[in-house]
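# Coordinate analysis (summary)
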Amino acid sequence: MRYELWLGLRYLFAKRRERFISIIALLSIGGVTLGVAALLVVLAVMSGFDHDIKDKLIGTNAYLIIDTPTGLADAEDVMRQLSTLEHVVGVSPFVSGQAILRLPDHAFGVLVRGIDVERESRVNRLADYLVAGHLPRTDEEVAIGTELGAYLSTGPDAQLELISPADGKTHTLTISGLFRSGMYEYDATLIAMTISRAQQLYRLGRVVTGVGVKLDELDRSSAMAALIRGTLAGAYRVRTWEELNPALFGALRVEKTVMFVILTLIIVVAALNIMSMLIMIVMEKTKDIGILRALGATRASIATLFLSQGCVIGLIGIGLGLSGGLFLIWHLNTFTKWLERIFGWSLFPPTIYYLDHIPTQINSVDVVGVVTATFLLTMLAGTYAAIRAARLAPVDALRYE
């Protein structure tokens, strides 16, 4: 072990009259530990939310949507062109719009989606979300979400009435199945029917709203959207799943960035404690510094002696923070369920979040970013004291001793 590191550790964890400095060192380590653990937990939860919402969105929607403002009359030609492209694994036409669900005492708006039942499974997982019954097989059947079914107190084989916005006529349909997608908005408002029935409801003839496309990899969405725009001739709009939900994912990105900045302040406070502690050590060890310089220690050695103390505090805090943060992430749901049982309230109301657990996802990029930022801050905190100690001349350091 180099003498600079050995002496730095001795100064840092002194046992006699410098005990106050040792307490500050422990508090600084605690601050770094708390900051690292909090950052890891929050970033893991935010990444988990992002992944969970993304998974639910693409579970009920296609990766890409191709449409025009007036609908597609040549959907089959478009699908044939799309099917020949590399990375395209499924295409399916759809009709979407709004309608009025009429009840005995009131009415409210719902989202209608006309699907090609055979092709729909190629672009999303709606069929996998069924909890009762089946997807509509005839023009007289519809499938609804579990939340809507609970609100209507109904289920398969029951009937409901939809009022067409195109001509105001009432269409009586039979519920064929219930699905639970995990997105409250869809489960409470979405009604799936055959594509031909939706065309009748909106008086579209053979026109469809658009075509959904599924790719072999989600990350190819933007690149494939650009390729399809260049492939299809005409006034077609090609939008990715992110472009269809810009506000949602924009808000998640902003929240993650803001939380990172806010929680980094914990580490900044710990770094300031490290700086003040090292300055106190330099002031108290002025005589020792003068003796070391007189014995031949270089300015670089003196600077290394004090800089190593900040690095040691940072490394210990990072190690403890990583261990504590990962432990909390792995046991977060157990901890939250324990709190819910004690206090009797739901941490995540289903009408807002529609979650029965806290989703977490540990990203290596986030972990490396937190560790790197923390180590740089703690090393920077020791820089001022190290420079100040290195500038002390032996004569000045020993003048009053």
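This text goes with the structure placed above it.
Residues numbered from 1 in each chain as written. Predicted model: local features only at pLDDT ≥ 70, side-chain atom pairs only at ≥ 80, totals over all residues. Heavy atoms only, no water.

### Some points on helix H10 (residues 286–294)
Applicable threshold: With a 1.4 Å probe rolled over the protein chains alone, any residue whose accessible area is under 20% of its type maximum counts as buried; one over 50% counts as exposed, and the rest are partly exposed. Under the DSSP-based scheme used, a helix requires at least four consecutive residues in state H or I and a strand at least two consecutive residues in state E, with every element numbered from the N terminus. When we speak of the arc, we mean the arc of directions from the helix axis to the C-beta atoms.
Within the sequence span of H10, burial applies to Ile289, Gly290, Leu292 and Arg293. Down the axis of H10, the buried set is contained in an arc of 165°. They therefore lie on one face. Positive phi shows up at glycine 296, right after H10, with a value of about 115°.

### Looking at the packing of helix H9 (residues 246–284) against helix H11 (residues 299–330)
Which entries qualify depends on this criterion: Here, axes are lines fitted to C-alpha atoms. For helices the fit covers the stretch in contact, and angles between N-to-C directions go from 0 to 180 degrees. Crossing handedness: left-handed means the near helix sits turned counterclockwise from the far one by under a right angle, and right-handed means the same turn made clockwise. Contacts are residue-level and defined by heavy atoms, with any inter-residue pair within 4.5 Å sufficient. Amino acids are sorted into nonpolar (Ala, Val, Leu, Ile, Met, Phe, Trp, Tyr, Cys and Pro), charged (Asp, Glu, Lys and Arg) and polar (every other residue, Gly among them).
Relative orientation of the contacting elements H9 and H11 amounts to 145°, with a least axis distance of 11 Å. With respect to the hand of their crossing, H9 and H11 are arranged in right-handed fashion. Two secondary-structure elements touch here, H9 through Ile274, Met277, Leu278, Ile281 and Val282 and H11 through Phe306, Gln309, Gly310 and Ile313. Here the contact of H9 with H11 is composed, by residue class, of seven nonpolar, two polar and no charged.

### As for empty space enclosed by the protein
Counted only if it meets this: Only protein atoms enter the 1 Å grid used here, on which a cavity is any set of points holding a 1.4 Å probe that cannot leave and a pocket is any open set flanked by protein within 12 Å on both sides along at least five of seven lines; residues with an atom within 4 Å of a point are listed as lining. Grid points are joined across faces, edges and corners, and a volume is the space filled by probe spheres set on the points.
Taken as a whole, this structure holds one cavity of 30 Å³ or more when the rule is applied. As a volume, the largest cavity reaches approximately 40 Å³. Taken together, Leu40, Leu43, Ala44, Ile329, Gln361, Ile362, Asn363, Asp366 and Val367 form the lining of the largest cavity. Where the lining of the largest cavity is concerned, the elements lending two or more residues are helix H2 (19–60) and helix H13 (364–390). Of all the elements, H2 adds the most residues to the lining of the largest cavity, at three residues. Across the lining of the largest cavity, the residue classes break down as six nonpolar, two polar and one charged.

### What to know about a nonpolar patch on the surface
This is how the line gets drawn: Patch construction takes residues with relative accessible area above 30% that form no salt bridge. Like charges are linked within 9 Å, and nonpolar side chains (Val, Leu, Ile, Met, Phe, Trp, Tyr) are linked within 5 Å. In short, Shrake-Rupley with a 1.4 Å probe defines the accessible areas, and a residue's cover is counted only from the protein chains shown. By definition, a salt bridge exists where a carboxyl oxygen of Asp or Glu is found within 4 Å of a side-chain nitrogen of Lys or Arg.
A cluster of nonpolar side chains, contributed by Val254, Val258, Met259 and Ile262, occupies part of the molecular surface with about 310 Å² of accessible area. Turning to its location among the elements, methionine 259 is positioned in helix H9. We classify methionine 259 as partly exposed; its relative accessible area is 30%.

### Quick word on the environment of leucine 26
Looking at the secondary structure, you find leucine 26 in helix H2. When the C-alpha positions of leucine 26 and isoleucine 274 are compared, they lie 9.9 Å apart, and in sequence the two are 248 residues distant.

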